[in-house]
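# Observations on the three-dimensional arrangement
Here is how the chains run, residue by residue.
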Amino acid sequence: MAANETHYTLALPVFDKPVKLLVVVAPYYKDIADNLVAGARATAAACGAEVEVIEVPGALEVPTAIALAERQAKFDGYVALGCVIRGETTHYDTVCNDSSRAISLLGLQGACIGNGILTVENRAQAEVRADPAGQNKGGGAAAAALHLVALSRKWATQTKGIGFRA
Ligand SMILES: Nc1c(NC[C@H](O)[C@H](O)[C@H](O)CO)[nH]c(=O)[nH]c1=O
Ligand SMILES: CC(=O)[C@@H](O)COP(=O)(O)O
């Protein structure tokens, strides 16, 4: 994938009611995280969505923070951001696999989550993917969350008043 190429081709959803996103970021690599957050903020702003940002120590804590936030029922969707760079041991595999799987499981339970946690071999790969003017993975994760929020709202209004599964 070219440095400035992105595959987020869907048009952003349009909302008639306010949307509130929670960005959960692990600033393990602060500069990378800052770029991911900037990309997510820009995409959220393009949709008129409100953003709150919280920080956790690492990628493994991101899904737990989302699960805790979901209990508050204050947010329409979540953007998971972070960067995992392979080191000398197998811990990379644990961090990548466990954080992504936990995020997917939360999604299957109905949380609208976009996953922008980078899992890369080296810093150069991370930099180009975090850059809002590059592959903009933070913006893509925010777009994913917003699309799921739109879908959730669409189907919630369609089933309102129907007391049974059609
Ligand atoms: N190596 C990276 C980590 N490791 C830390 C874990 O995510 C976690 O915070 C720790 O195991 C305590 O539970 N985290 C990243 O986000 N990125 C890494 O490259
Ligand atoms: C992804 C990691 O957990 C990694 O940064 C840890 O580095 P190492 O495997 O060299 O301990």
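Predicted model only: the values in this text are computed from it and were never measured.

Cut-offs used in this document
Residues numbered from 1 in each chain as written. Chains lettered and ligands numbered in written order. Predicted model: local features only at pLDDT ≥ 70, side-chain atom pairs only at ≥ 80, totals over all residues. Heavy atoms only, no water. UniProt positions renumbered as here; feature names shortened; annotations may be inferred. Helix = DSSP H or I, 4+ residues; strand = E, 2+ residues; numbered from the N terminus. Buried < 20%, exposed > 50% of the residue type's maximum accessible area, 1.4 Å probe, protein only. Disulfide = S-S within 2.5 Å. Pairing = 2+ DSSP bridges. Axes fitted to C-alpha atoms, helices over the stretch in contact; angles between N-to-C directions. Contact = heavy atoms within 4.5 Å.

### Thoughts on the UniProt feature "binding site: (2S)-2-hydroxy-3-oxobutyl phosphate" (unreviewed entry) in the protein chain
When the UniProt feature table is mapped to this numbering, "binding site: (2S)-2-hydroxy-3-oxobutyl phosphate" (unreviewed entry) covers Glu 88, Thr 89 and Arg 129. For the annotated residues, spread through 42 residues, the largest C-alpha to C-alpha distance comes to 23.4 Å, inconsistent with a single compact locus. With respect to the helices, strands and loops of the structure, Glu 88 is situated in the loop between strand E3 (77–85) and helix H3 (91–108). A relative accessible area of 84% places Glu 88 in the exposed class. Within the secondary structure layout, Arg 129 lies in helix H4 (residues 123–130).

### A short note on the state of the cysteines
What the rule picks out here adds up to zero disulfides. The cysteine Cys 83 is free of any disulfide, with Cys 96 supplying the nearest cysteine sulfur at 9.3 Å. By relative accessible area, which is 5% here, Cys 83 ends up buried. Take Cys 112: it sits in no disulfide, and the sulfur closest to it among the cysteines is that of Cys 47, at 13 Å. Residue Cys 112 is classed as buried on the basis of its relative accessible area of 8%.

### Notes on the sheet that holds strand E1 (residues 20–25)
Taken in spatial order, the four strands line up as E2-E1-E3-E4 in an open sheet, and their pairing is parallel. With one partner strand each, in any of the chains shown, strand E2 (50–55) and strand E4 (113–120) form the two edges of the open sheet. Averaged over neighbouring strand pairs, the angle between their axes works out to 15° when direction is ignored. Here E1 pairs with E3 via five bridges, running parallel. Bridge pairing in E3 places Leu 22 opposite Tyr 78. Along the sheet, helix H2 (residues 62–72) contacts E1, E2, E3 and E4; its crossing angle with E3, the most-contacted strand, is approximately 165°. Here helix H5 (residues 137–159) sits on the sheet and contacts E1, E3 and E4; the angle it forms with E4, its principal contact strand, is near 155°.

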